[in-house]
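Fold and contact review
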Amino acid sequence: DGKSTAKGSTVKRNLQLHFGTEQYSKFSNEIINFLENDYHIKNYTFPAKIFNILFTRTGAGMFYGPHTDSPYLTTGRRDLSFTIFLNEPKDYKGGELILYISPEKKQIKLNPGEMIIYPTKYLHEVKEVTEGERMVCVGWIESQIPRDDDRESLSLMRRAISEISKELGNTTTPAIQNLNNSFNNIYKRFLN
């Protein structure tokens with residue numbers, strides 16, 4: 001029962017793969033390894049830790065009502081949340097992930113293997129599944145850069161340096177060296 005990971009929740013109705021099983025360990029380690037080694041994810045999230053992986057199944061009549069994830073667990077600070085979709089959108093009706101990013105409300109239903117990463121601070125929900133089953137993997141990232149705006153600025157800076165370098169034919173120029181040094185100096189300010 002998914003309520004076991006959301007103590008006292010009245011808005012959560014889903015099923016989860018039990019922690020501590022061989023299957024759970026295998027799949028969660030694969031997910032963590034993938035996320036830690038993906039260039040784009042590393043560039044956007046600056047992960048210090050990826051943790052609390054959950055594999056959930058939401059069948060007909062199940063849902064997860066509007067909520068915000070706790071920003072901190074004893075296992076780490078939750079800066080970013082992610083959802084990896086595991087089955088085809090045609091396998092179920094309903095079950096959309098809804099993100100309330102003021103002033104917008106985003107509806108997300110992705111293909112298998114596609115994921116969304118978003119700041120943990122956002123109110124979100126999973127709409128009721130009316131037919132079939134929705135299967136996803138969710139988890140959290142503790143970033144080396146706690147603030148969203150700082151993380152976004154560093155990510156944009158790193159991407160810009162990479163694009164300038166490519167335009168110049170991947171040659172190292174004094175300007176690119178200066179930009180890399182500036183990036184590294186700013187990045188170090190956030191590291192403990």
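The coordinates are above.
Heads up: these notes are all about the structure in this document. (Residues numbered from 1 in each chain as written. Predicted model: local features only at pLDDT ≥ 70, side-chain atom pairs only at ≥ 80, totals over all residues. Heavy atoms only, no water.)

**Some words on the overall build of the chain**
Applicable threshold: Under the scheme used here, helices are H or I runs from DSSP no shorter than 4 residues and strands are E runs no shorter than 2 residues, and both carry numbers assigned from the N terminus. Burial classes follow relative accessibility: with a 1.4 Å probe on protein chains only, a residue under 20% of its type's maximum area counts as buried, one over 50% as exposed, and anything between as partly exposed. Contacts: residue pairs with any heavy atoms within 4.5 Å of one another. For every accessible area listed, the method is Shrake-Rupley and the probe measures 1.4 Å; residues are considered covered only by the protein chains on display. We treat Lys and Arg as the positive residues and Asp and Glu as the negative residues; His and chain ends play no part in the count. Here the site of a charge means NZ on Lys, CZ on Arg, CG on Asp, or CD on Glu.
For the chain, the count of helices and strands is four helices and 13 strands. Projecting the C-alpha coordinates of the chain onto the three principal axes gives extents of approximately 60 × 40 × 35 Å. Within the chain, buried positions represent 39% of all 192 residues. Across the chain, the fraction of contacts at a sequence separation of at least 24, relative to all contacts at a separation of at least 6, is 77%. Here the chain has roughly 11,100 Å² of accessible surface; of this, 52% comes from carbon and sulfur atoms. Each charge class in the chain was averaged separately, 25 positive and 23 negative side chains, and the resulting centres sit 3 Å apart.

**Quick notes on the packing of aromatic side chains**
Threshold: Stacked, tilted and edge-to-face are the three classes assigned to paired rings of Phe, Tyr and Trp, where Trp is represented by its six-membered ring and a pair needs centres within 6.5 Å; plane angles under 30 degrees give stacked, over 60 edge-to-face, the rest tilted. Counted as over-ring charges are cases with an Arg CZ or a Lys NZ within 6 Å of the ring centre that also lie within 35 degrees of the ring normal.
Applying the stated rule across the entire model yields five aromatic pairs. A centroid spacing of 5.0 Å and a plane angle of 80 degrees characterise the contact between F19 and Y24, whose relative ring orientation is edge-to-face. Classification of F19 as partly exposed rests on a relative accessible area of 34%. Seen from their ring centres, F27 and F55 are 6.0 Å apart, and the 65 degrees between their planes marks the pair as edge-to-face. Taken together, the residues span a long stretch of sequence, with F27 in helix α1 (residues 22-37) and F55 in strand β3 (residues 47-59) at a distance of 28 residues. Residue F27 is classed as partly exposed on the basis of its relative accessible area of 32%. Under the relative-accessibility criterion, F55 is labelled buried at 12%. Across from the ring centre of F51, 5.7 Å away, lies the NZ or CZ of K49, which sits over that ring.

**Overview of the side chain of E125**
For clarity, the cut-off: We define a polar contact as two N or O atoms separated by no more than 3.5 Å, with the added condition that, inside protein, one atom must be a possible hydrogen donor and the other a possible acceptor, whereas residues neighbouring each other in sequence contribute only through side-chain atom pairs.
With respect to the helices, strands and loops of the structure, E125 is situated in strand β12 (residues 123-126). For E125, a relative accessible area of 8% corresponds to the buried category. Within the structure, the side chain of E125 is placed 2.3 Å from the side chain of Y100, a separation counted as a polar contact. Each residue touching E125, except ones within four places of it in the same chain, is listed here: Y64, G65, P66, E96, L97, I98 and Y100.

**Remarks on the pairing of β3**
Heads up, the rule is: In short, DSSP must find at least two bridges between two strands for them to pair.
As defined by bridge partners, strand β2 (residues 15-16) adjoins β3 across two bridges and the pair is classed as antiparallel. Residue pairing in the sheet places Q16 in a bridge with T56 of β3. In the sheet, β3 pairs with strand β13 (residues 129-143) via 10 bridges, with the strands oriented antiparallel. Bridging from a neighbouring strand, T56 pairs with V136 of β13.

**Things to note about a nonpolar patch on the surface**
Applicable threshold: Exposure above 30% relative accessible area and no salt bridge define the residues that can form patches, which grow by joining like charges within 9 Å and nonpolar side chains of Val, Leu, Ile, Met, Phe, Trp and Tyr within 5 Å. Every case where a carboxyl oxygen of Asp or Glu lies within 4 Å of a side-chain nitrogen of Lys or Arg is listed as a salt bridge.
Nonpolar side chains collect at one region of the surface, where I164, L168 and L179 lie side by side and expose about 230 Å² of accessible area between them. Mapped onto the elements, L168 comes out in the loop between α3 (148-167) and α4 (174-190). For L168, a relative accessible area of 45% translates into the label partly exposed.

**Considerations on unusual backbone geometry**
For the bond from S102 to P103, the omega torsion is 10 degrees, close enough to zero to count as cis. The phi dihedral of F46 is positive, around 50 degrees, even though this residue is not glycine. Tracing the backbone shows F46 in the loop between α2 (39-45) and β3. Positioned with a positive phi, N52 is a non-glycine residue whose angle comes to about 55 degrees. With respect to the secondary-structure elements, N52 resides in strand β3.

Shape descriptors only; they carry no functional weight alone.
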